[in-house]
Amino acid sequence: MRLIDNLKFIVDNNVGKLAKWLRIMGYDSLFFNGGNDSRMVAIALGEERVILTRDTQIMKRRVVISGRLKAILIQSDEPERQMHQVIDSLHLDCQFKPFTICLECNQPLQEKSKQQVKDLVPPYVFQTQNQYMECPTCHRIYWRGTHWQRMSERLKRFRKGGP
Ligand SMILES: [Zn+2]
């Protein structure tokens, strides 16, 4: 059985919002915007990623039917319901590793000391926050401010099974 820690995703652009939520939870989630199904399947196989899609054609592929490649056909067009489906079917942990992956680049964030970000964050943030993370690719700085708290609340709702 696959360990939950190893779960990685490739998110089709028809369910693109899922990529952001899975990244918030700490799951490596590649956003696929290529339009070419075969390429998405090849990446998923090569990198052992679970495909999330609304495209029924993908589900008919031999690699998916045989179980060699895991794919989930997303039912709803509403992002919050889509998240419930993914969480339920894979028994995901919403508090897996929250806020460890860049929401833009899908790169693991690196911890930064307060002094390292002194000139990079707004002064009020610097005064009130002690923990910072930086994306090595886009250099965006993350901290646990109000935006983070709002997203945490939504994550808790996902865990409870919705509003
Ligand atoms: Zn980034």
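Look a little higher up for the structure.
Residues numbered from 1 in each chain as written. Predicted model: local features only at pLDDT ≥ 70, side-chain atom pairs only at ≥ 80, totals over all residues. Heavy atoms only, no water.

Looking at the layout of surface pockets
Then step 1. Roughly 410 Å³ of internal volume is contained in the largest pocket.
Then step 2. Of all elements in the fold, only helix H6 (123-128), strand E6 (132-134), strand E7 (141-143) and helix H7 (146-160) reach the threshold of two or more residues within the lining of the largest pocket.
Then step 3. In terms of residue count, the dominant contributor to the lining of the largest pocket is H7 (4 residues).
Then step 4. Looking at the lining of the largest pocket, its residues break down into 13 nonpolar, 7 polar and 3 charged. (1 Å grid on protein atoms, 1.4 Å probe; cavity = no way out; pocket = protein on both sides within 12 Å on 5 of 7 lines; lining within 4 Å. Points joined across faces, edges and corners; volume = space filled by probe spheres on them. Helix = DSSP H or I, 4+ residues; strand = E, 2+ residues; numbered from the N terminus. Nonpolar A, V, L, I, M, F, W, Y, C, P; charged D, E, K, R; others polar.)

Overview of the nonpolar core
Then step 1. By size, the foremost hydrophobic cluster in this structure holds 33 residues, and its most contacted members are Phe-9, Leu-18, Leu-22, Met-25, Leu-52, Val-86 and Leu-92.
Then step 2. Elements with a contribution of two residues or more to this core: strand E1 (9-12), helix H1 (17-25), strand E3 (50-53), helix H5 (79-90) and H7.
Then step 3. The element best represented in this core is H1, accounting for 6 residues.
Then step 4. Those residues in contact with Met-25 that lie beyond four places of it in its chain are Met-83, Ile-87, Leu-92, Asp-93, Cys-94, Phe-96, Lys-97, Pro-98 and Leu-155.
Then step 5. Membership of the second largest hydrophobic core comes to 12 residues, among which are Met-40, Val-41, Ile-43 and Ala-71. (Core = buried A, V, L, I, M, F, W, Y, C linked by side-chain atoms within 4.5 Å. Buried < 20%, exposed > 50% of the residue type's maximum accessible area, 1.4 Å probe, protein only. Contact = heavy atoms within 4.5 Å.)

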